[in-house]
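Structural features, examined
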Amino acid sequence: LKDFPLRRVSRLHGCLSEQDVLEVCDDYDRERNEYFFDRHSEAFGFIMLYVRHGHLRFVPHMCELSFYNEMIYWGLEGSHLDYCCQRRLDDRMSETCTYYAAEEPNGGREGKGRRPPGAEGGKWLERMRRTFEEPTSSVAAQVLATVSILFVIVSMVVLCASTLPEWRAPENRSMEEQSRYTAESVREPSGIIEAICIGWFTAECIVRFIVSKNKCEFVRRPLNIIDLLAITPYYISVLMTVFTGENSQLQRAGVTLRVLRMMRIFWVIKLARHFIGLQTLGLTLKRCYREMVMLLVFICVAMAIFSALSQLLENGLDLGTKNKDYASIPAACWWVIISMTTVGYGDMCPITVPGRILGGICVVSGIVLLALPITFIYHSFVQCYHELKFRSARYSRSLSAEFLN
């Protein structure tokens, strides 16, 4: 027992009384001199195989975390597992830690029976906050999310339709006609629909700002910044239309107004509040920025090498066949990018034999370099998807309880 690799069993060697024994195990039979441990018997069988043969693996059809709890109870660690099982345990623990992190903000239940002053108001604000932030938290939140999605779809349809030739103002109209058209465009059906959509988005953003816990954190969130970028151009364009009465100012403001109106395309990103797929994409990009930077570094290094070599082989050497498309290294960088990404527009291509050999190497190396960080990004994407899906399912359970009530 003294040299036994299981620390809990080894502690029995130093027990001097029955009370000490009962602190180590669950029961003790003095007559038969047997010790009883209320643990998983099959898991202990696999642990005994490790004691005898030196290999510790998971029990088939048993949760990795449950077996890990058995290991901790007997005094083993994750490093005692075989390498393949260590990887399974690490993946499982990373997913579990993500789930706990998602559940932590609402996990505190201290003082559940006590209601401090202002608890009713805080409860109402929390309900409003969840209604606007979590589309699956209640029936009202789902209705609000559906209405918001409809407004986004309508605004996108109006934006796309406004670029049709029948909807656009003729380019050759005079300055006075343009001024009159700009002033009257707000009163047209498309302008009215746009104003209603902007009014809804503005009211939604203001209410969410009022009920938020931390105002500074609310302003720093990416989705809220996108909302601000989508709403602000409309008010800027209206103010510019009002204050640019002179023809010269209107002429300078024409391009600015078109750019500001086209920024309404950011409204599409508002759908990320209501769809797990877009949220997963954003969260994956946020957590995999190191891998993305590594990918960009790979591309930049390869682009510098292949662009210099292609410019030298196609235009720098006096081989009698100079390719004007590769007149400079920056021009060759475009060919390297479309070749490494296997897009291949065909607008420029090597014509010399060495250049074509270099092009083949460039394409193959691009496939390899782009594939290297994909595994890490894919793993993070799956983990983020399960995290957001778990969070959505948790709020759906509260929604089901609301239906039952």
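- An unreviewed UniProt entry annotates the protein chain as KCNG3 protein of Oriolus oriolus.
- The Subcellular location (unreviewed entry) field of the UniProt record for the protein chain holds the comment "Cell membrane".

Observations concerning the overall build of the protein chain
- Counting its regular elements, the protein chain contains 17 helices and two strands.
- Relative to all contacts within the protein chain whose residues are 6 or more apart in sequence, the contacts with residues 24 or more apart total 62%.

Some thoughts on the confidence of the model for the protein chain
- Taken as a whole, the protein chain shows an average pLDDT of 76; of its residues, 74% reach a score of 70 or greater.
- Low pLDDT (under 50) marks residues 98-113, which in the prediction has 14 contacts with non-local residues, meaning those over four places away or in another chain.
- With pLDDT under 50 throughout, residues 170-187 is counted as low confidence; its partners more than four residues away or in other chains account for 22 contacts.

Comments concerning unusual backbone geometry
- Phi at Asn33 is positive, roughly 55°, even though this residue is not glycine.
- Its place among the elements puts Asn33 in the loop between strand 1 (27-29) and strand 2 (34-36).
- Owing to a relative accessible area of 48%, Asn33 belongs among the partly exposed residues under this scheme.
- The backbone phi angle of His61 is positive, close to 60°, even though this residue is not glycine.
- With respect to the helices and strands, the residue His61 is situated in the loop between helix 3 (41-53) and helix 4 (64-74).

With respect to empty space enclosed by the protein
- The full count for this structure, using the stated rule, is one cavity of 30 Å³ or more.
- Here the largest cavity is characterised by a volume of approximately 60 Å³.
- Around the largest cavity, the lining residues are Thr131, Phe132, Pro135, Ala141, Leu144, Ala145, Ser148, Glu204, Arg273 and His274.
- Within the residue set of the lining of the largest cavity, elements represented by two or more residues are helix 6 (119-133) and helix 7 (139-161).
- Per element, the largest residue contribution to the lining of the largest cavity is four residues, and it comes from helix 7.
- The residue makeup of the lining of the largest cavity, split by class, is five nonpolar, three polar and two charged.

Focus: the pattern of salt bridges
- A complete count under the given rule lists five salt bridges for this structure.
- With its nearest N and O atoms 2.2 Å apart, the salt bridge here joins Glu18 to Arg30. One end of the pair, Glu18, is in helix 2 (residues 18-24); the other, Arg30, is in the loop between strand 1 and strand 2, with 12 residues separating them in the sequence.
- Overall, Glu18 belongs to the partly exposed group, its relative accessible area being 32%.

Here we look at the packing of helix 3 against helix 4
- Between helix 3 and helix 4, the shortest axis-to-axis distance is 10 Å and the interhelical angle comes to 65°. Regarding helix 3 and helix 4, the two cross each other, and that crossing is right-handed. Only Phe67, Glu70, Met71 and Trp74 of helix 4 make contact with helix 3, whose side of the interface consists of Ala43, Phe44, Phe46 and Ile47.
- In terms of residue class, the contact of helix 3 with helix 4 is made up of seven nonpolar, no polar and one charged.

Some points on the nonpolar core
- Membership of the largest hydrophobic core comes to 25 residues, with the highest contact counts inside it found for Ile47, Leu56, Phe67, Met71, Trp74, Leu76 and Leu81.
- Looking at this core, the elements with two or more residues in it are helix 2, helix 3, helix 4 and helix 5 (83-103).
- By residue number, the principal contributor to this core is helix 4, which donates five residues.
- For Ile47, the contacting residues outside a window of four places in its chain are Leu6, Leu56, Phe67, Glu70, Met71, Trp74 and Leu76.
- Counting 12 residues, the second-largest nonpolar core is a separate cluster that includes Ala302, Ala332, Met348 and Cys362.

Some thoughts on the environment of Met348
- On the secondary structure map, Met348 appears in the loop between helix 15 (329-340) and helix 16 (353-371).
- By relative accessible area, Met348 is classed as buried at 10%.
- If near-sequence neighbours (up to four positions away) are discounted, Met348 is found in contact with Asp325, Tyr326, Ala331, Trp334 and Trp335.

What counts, and where the lines are drawn
Residues numbered from 1 in each chain as written. Predicted model: local features only at pLDDT ≥ 70, side-chain atom pairs only at ≥ 80, totals over all residues. Heavy atoms only, no water. UniProt positions renumbered as here; feature names shortened; annotations may be inferred. Helix = DSSP H or I, 4+ residues; strand = E, 2+ residues; numbered from the N terminus. Contact = heavy atoms within 4.5 Å. pLDDT = per-residue confidence, 0-100. Buried < 20%, exposed > 50% of the residue type's maximum accessible area, 1.4 Å probe, protein only. 1 Å grid on protein atoms, 1.4 Å probe; cavity = no way out; pocket = protein on both sides within 12 Å on 5 of 7 lines; lining within 4 Å. Points joined across faces, edges and corners; volume = space filled by probe spheres on them. Nonpolar A, V, L, I, M, F, W, Y, C, P; charged D, E, K, R; others polar. Salt bridge = Lys/Arg side-chain N within 4 Å of Asp/Glu carboxyl O. Axes fitted to C-alpha atoms, helices over the stretch in contact; angles between N-to-C directions. Left-handed = near helix turned anticlockwise from the far one by under 90°. Core = buried A, V, L, I, M, F, W, Y, C linked by side-chain atoms within 4.5 Å.

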